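# Coordinates in review
Take a look at the letters that make up each chain.
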There are 2 protein chains.
Amino acid sequence: MAVTIRDVALTAGVSPSTVSRALSAPDRVNAATRERVLAAAQRVGYRPNRAARGLITGRTGNVGLIVPDLANPYFASVVKGAQARARESDYAVFVADTDEEAGVEPDLMLALSKQVDGLLLCSPRTSTEELAAVDTGTPIVVMNRRVSPCVVADNGDGMRQALAHLAALGHRAVGYVGGPRTSSSNAERLAGLETAAPDLGVELRPMGNFPPLFEGGVAAADIVIASGVTAAIVHNDIVAFGLMSRFVARGVAVPGDVSVVGCDDIAMSAMAHTPLTTVAMPKNELGRAAMVLLIEILNGSVQPHSVVRELPVRLIVRESTAPARTEERR
Amino acid sequence: MAVTIRDVALTAGVSPSTVSRALSAPDRVNAATRERVLAAAQRVGYRPNRAARGLITGRTGNVGLIVPDLANPYFASVVKGAQARARESDYAVFVADTDEEAGVEPDLMLALSKQVDGLLLCSPRTSTEELAAVDTGTPIVVMNRRVSPCVVADNGDGMRQALAHLAALGHRAVGYVGGPRTSSSNAERLAGLETAAPDLGVELRPMGNFPPLFEGGVAAADIVIASGVTAAIVHNDIVAFGLMSRFVARGVAVPGDVSVVGCDDIAMSAMAHTPLTTVAMPKNELGRAAMVLLIEILNGSVQPHSVVRELPVRLIVRESTAPARTEERR
DNA sequence: GGTCGGCATGAAAGCGGTTGCCTATGCATG
DNA sequence: CATGCATAGGCAACCGCTTTCATGCCGACC
C-alpha cells in the first residue's frame, strides 16, 4: 500500500541505506547515484514516514502548542504566528486548548510530550511551581510569563506609552481597570503604570481586579465613573468594550467625558463604533518569536537556561481618547 | 532515558508482550498480572510512544485540521470545537493555517497525510476537482462544502429564518450583500433567499459580491443606501460591521433607517455598539460534528461514501433590526 | 608493484511497540 | 492415571527508517 524507502531502493537499483542517505545526508553519496535516487523517489511518489524516522532519531519534527482558549482572538493570533513560523522550519504543530482550566495544562503537556520535540505554553494558568514539577522531558518555551526560557511583551513600556499619551492630552487622574489578580501581565502592567505615573505628573488610581471579559468591563464602569478620573487604562480590549458599553448606558461620552485605552489591539478594536485607542501586543510576533526560540533550543544554538526575550509593544491611537475635560463636572 | 515497555516488563517481572497486552487488550491477560503490570507502569512513569505504536498498527492517533485563517473568529471556534472533541477520543490534532491561499491546501494535506489517520478540511479554498485529485491515502471530512463526507450548516433554512423575521417586521424590499463568488456558503445563502422570498412576499435584491472583510461592508454600504431597501442581509458579521460603520458616516440609522442581519454570530456581534441581529452558525458544533464523523469513518462505523450531515442554524435577534419605515423617504 | 587511505555502498541492528505462533501450565474428563 | 483443551504468557518477527560497521573498489604514494 504505502510506498516505502524499499520501493524507492528497488526502483533506483540501490539499497535502502543509500536512499536514506541520498535524502538526509546528500553529501555522503555519489552525485550521480543521488540523482537517480531522487528521480526514483519522485517517480514512485515517495513521502518519508516521519514517525518511523522519529523512532530512531528521537526527533519527531512536531511541536506542541497549548493555549487557554482558541476562541479568544488574542490566542488565535498567537497560534497563527507560531504555526506559520513552525512550517517554515518544517515542523508540524499540535494545538491544544485547555478551555481556561489550569488543571488540564499538566495533563496536556504530558500527553503531548511523547510526540513532540518541544512545547510552547502560552499564558499558562498553572503556577510556576506546578509547571516546573511537570516532567515532560522536552524543552518548553513559555509565553507571557517571565520564567526559564520565555518570550514576553514589554508591558511596562506599553503602559508608559499609554500614560504619556493621556498625560499629553491633559489627563491628571487616570484609572487602571485591572485584570485577574493571578495574571502576570496584569502585575507587570500595574507596576509599569506605578513607575511611570510620578514621572508624568499623573495620579494613578487602580480600580481593582476584574474578570477579563466584556462583563468585567461592565462591572468596572460605574466604579470608574464614581472615581472622577478623566481617563482609564484597561487590562484588555474586551474589558474596554464592556466598559464603554456601560458608559453609553450611563450617558457618559467616550472620549468626551472619559478617555479609554485598551490593551491587545484585537481586530474588533479597529472596527468598533468608537475605534479604540490601545496598546497593541505583538500577538503574531509573540507566537513566531517563541517558535524561533524553541527551534533554536532544539538545534542547540541556544541554552535554555535563563533566556528571556522581550518584544516591543506600541500604542495605537484611535478615537477613544481625547483631551481631558477642563471644567470639573459631576 | 525514556522509559519503555521493556522497563515496565522488567519491573513487573513479565515479558514486553504481556505488558503490551495488559495495556491494549486487557482481557487477554490474567487479572492479577494485569494489576501488577499496571502498577509497574504507574510506578516507573511509563507513557507509550505513539509513534512506535503507529508504526506497526498503521494508526497514528492523530488527525489534521486545515483552516484558511486561524485569526478569523469563525475558524477559531471551529478549531476549538474539533479539538475538544478529538481529545475526548484521545486523538491529538495538527492544526494548519493556509493563510487563505488555495495553493497551499494540497501541499499541507500531503505533508500531514503521513502523520495522521484522517484529515478535516474547513471551508476549502481549493476547487472540488483539485481537492479530489489530491491523493492523501487518508479519509477526509470537509466542512462547509457539500461533497463526499461533509458537515455543513443549513444555510438555506438560516436565510429563511432571517427573511421571515424581516418580513414580519414589515420589510418588503430586502438586499443581500453577498460574499465571494466562489464561496459555496454564499451560493447556498443566495439560493435560500431566492427560494424563501416569494413565499414571504418579499422582493429580494442581490447587491453583488464583496470581499468577506470589514472593507467589503464599507464598500457595499452606499450601494445598499442607493437601492432604497429597508433591510439588508449580509454574508457575514464582519461585513455587516463594515456596512454599519459606513451607515453611521452617512447618517443612516440602524435599525431606524435600515435593518441589518449578519451571519455567523461571532463574539463581537453581541458586544457591538448596536448589537447585531444575526444567523448564528454552529461553529463549535461544526468542528465537533466533523470530528465525530471523521472518527466514525476511521473506526469503520460509517461508510464515507455520500454522507452529508447538516447542522441547524438559528436566528438571534438583537438590536440591528426593527420595523420597516412606513413613509418612504429619499 | 604492493600497501594504504578514502570514498561509495551494502548488510544488519535496532528504535519501541504489537501480534501471530507456540509452549507450559492447570484443570476437567474418560 | 493418561489425555485433551483452555488459557496465560513468552518468543520472535516486523512496522519504516537511520546509522554503525564492514566491504569493495579506486587512486596515490613510496
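Treat the numbers as computed from the prediction; the structure is a model and nothing was measured.

## Thoughts on the pattern of salt bridges
A complete count under the given rule lists 30 salt bridges over all chains for this structure. For the salt bridge of Arg160 of chain A with Asp157 of chain A, the shortest nitrogen-to-oxygen distance reads 3.2 Å. With Arg160 of chain A and Asp157 of chain A both in helix 8 (residues 155–168) and three residues apart, the pair spans about one turn of that helix. Linked by salt bridges that have partners in common, Asp69, Asp97 and Asp99 of chain A together with Lys80 of chain B make up one network.

## Side note on the sheet that holds strand 12 (residues 314–316) of chain A
Residues and elements named next belong to chain A. Judged by pairing direction, the sheet is mixed, and its six strands sit side by side in the order 7-6-8-9-10-12 without closing on themselves. Looking at strand neighbours, the two that pair on one side only are strand 7 (203–209) and strand 12, the edges of this open sheet. Averaged over all adjacent pairs, the angle separating strand axes in this sheet is 20°, with direction ignored. Examined bridge by bridge, strand 10 (residues 277–280) and strand 12 share three bridges and lie antiparallel to one another. Across the sheet, Ala280 pairs through a bridge with Arg314, a residue of strand 12. Sheet strands touched by helix 8: strand 6 (173–178), strand 8 (231–234), strand 9 (259–264), strand 10 and strand 12. Its angle to strand 8, the strand with the most contacts, is close to 165°. Relative to strand 7, helix 9 (residues 184–200) is tilted by about 165°, and along the sheet it contacts strand 6, strand 7, strand 8 and strand 9.

## Focus on the protein's contact with DNA strand D
Taken together, 24 residues sit near DNA strand D, with Ile5, Tyr46 and Arg53 of chain A together with Thr18 and Thr33 of chain B positioned nearest. Among all atoms of DNA strand D positioned within 4 Å of the protein, those belonging to sugar or phosphate total 57%. Residue Asn49 of chain A places a main-chain N or O atom 3.1 Å away from a phosphate oxygen belonging to DNA strand D. For DNA strand D, a phosphate oxygen lies 2.4 Å from a polar atom in the side chain of Thr18 of chain B. Partitioned by chemical class, the residues of the surface near DNA strand D number 10 nonpolar, 10 polar and four charged.

## Some remarks on the domain arrangement of chain A
Residues and elements named next belong to chain A. Looking at the assigned domains, one finds that chain A contains domain 1 (5–48), domain 2 (62–153 + 283–312) and domain 3 (155–281). Counting from both sides, the interface comprises seven residues of domain 2 and, opposite them, eight residues of domain 3. Where domain 2 abuts domain 3, roughly 710 Å² becomes buried across the two surfaces, and 46% of that area is made up of carbon and sulfur atoms. Three residues, Tyr74, Ala153 and Lys283, lead the burial of domain 2 against domain 3; their summed loss comes to 59% of the area buried on that side. Our enumeration of links across domain 2 and domain 3 arrives at one salt bridge. Here Glu188 ties to Arg146 by a salt bridge, and the two come within 2.8 Å at their closest N and O atoms. One can count six residue pairs in polar contact (both at pLDDT 80 or more) joining domain 2 with domain 3. When its residues are assigned to classes, the side of domain 2 that touches domain 3 shows three nonpolar, one polar and three charged.

## So, the interface of chain A and chain B
On the chain B side, the residues contacting the 37 residues of chain A number 37 residues. Summing both partners gives a buried area of about 3500 Å² for chain A against chain B, and 64% of it is carried by carbon and sulfur. Of all residues in chain A, the largest losses of buried area upon contact with chain B belong to Lys80, Lys114 and Met271 of chain A, amounting jointly to 20% of the total for that side. The tally of links between chain A and chain B comes to six salt bridges. With its nearest N and O atoms 2.6 Å apart, the salt bridge here joins Asp69 of chain A to Lys80 of chain B. The tally of links from chain A across to chain B stands at 17 residue pairs in polar contact (both at pLDDT 80 or more). Put simply, the parts of the chain that give the side of chain A that touches chain B at least two residues each are helix 4 (50–57), helix 5 (73–88), strand 2 (92–97), helix 6 (104–113), helix 11 (237–250) and helix 12 (267–271) of chain A. Class assignment for the residues of the side of chain A that touches chain B results in 23 nonpolar, six polar and eight charged.

## Things to note about the environment of Ile223 of chain B
Residues and elements named next belong to chain B. One can find Ile223 in helix 10 (residues 214–227). Overall, Ile223 belongs to the partly exposed group, its relative accessible area being 41%. Residues Ile223 and Ala164, spaced 59 residues apart in sequence, show a C-alpha to C-alpha distance of 23 Å. Setting aside residues up to four positions removed in sequence, Ile223 forms contacts with Met207 and Phe210.

## Some points on the environment of Gly170 of chain A
Residue and element names in this part refer to chain A. When you line up the elements, Gly170 lands in the loop between helix 8 and strand 6. Assessed through its relative accessible area of 31%, Gly170 is described here as partly exposed. Taking C-alpha positions, Gly170 is 9.3 Å from Val202, a pair spaced 32 residues apart along the chain.

## Observations concerning the protein's contact with DNA strand C
As a structural note, the neighbourhood of DNA strand C is formed by 25 residues, with Thr18, Thr33 and Ile56 of chain A together with Ile5 and Ser20 of chain B the closest of them. Near the protein, meaning within 4 Å, the atoms of DNA strand C are sugar or phosphate in a fraction of 53%, with bases accounting for the rest. Taking Thr18 of chain A, its side chain carries an N or O atom lying 2.5 Å from a phosphate oxygen of DNA strand C. In this structure, a base nitrogen belonging to DNA strand C sits 3.2 Å away from a main-chain N or O atom of Ala52 of chain B. Mapped onto the surface near DNA strand C, the elements with two or more residues apiece are helix 2 (16–24) and helix 4 of chain A together with helix 1 (5–12), helix 2 (16–24) and helix 4 (50–57) of chain B. The greatest single-element share of the surface near DNA strand C, amounting to five residues, is contributed by helix 4 of chain B. Its residues placed into classes, the surface near DNA strand C shows 10 nonpolar, 10 polar and five charged.

## Some details on unusual backbone geometry
A cis geometry characterises the amide bond from Val254 of chain A onward to Pro255 of chain A, with omega recorded as 5°. One can find Pro255 of chain A in the loop between helix 11 and strand 9. The phi dihedral of Asp265 of chain A falls on the positive side, at around 65°, and the residue is not glycine. Considering the arrangement of structural elements, one finds Asp265 of chain A in the loop between strand 9 and helix 12. Non-glycine residue Asp264 of chain B carries a positive phi angle of around 120°.

Criteria and thresholds
- Residues numbered from 1 in each chain as written.
- Chains lettered and ligands numbered in written order.
- Predicted model: local features only at pLDDT ≥ 70, side-chain atom pairs only at ≥ 80, totals over all residues.
- Heavy atoms only, no water.
- Salt bridge = Lys/Arg side-chain N within 4 Å of Asp/Glu carboxyl O.
- Helix = DSSP H or I, 4+ residues; strand = E, 2+ residues; numbered from the N terminus.
- Pairing = 2+ DSSP bridges.
- Axes fitted to C-alpha atoms, helices over the stretch in contact; angles between N-to-C directions.
- Contact = heavy atoms within 4.5 Å.
- Near = heavy atom within 4 Å.
- Polar contact = N/O pair within 3.5 Å; in protein donor to acceptor, adjacent residues only side chain to side chain.
- Nonpolar A, V, L, I, M, F, W, Y, C, P; charged D, E, K, R; others polar.
- Domains from an automatic or database assignment.
- Buried area = accessible area lost by both parts, 1.4 Å probe.
- Buried < 20%, exposed > 50% of the residue type's maximum accessible area, 1.4 Å probe, protein only.

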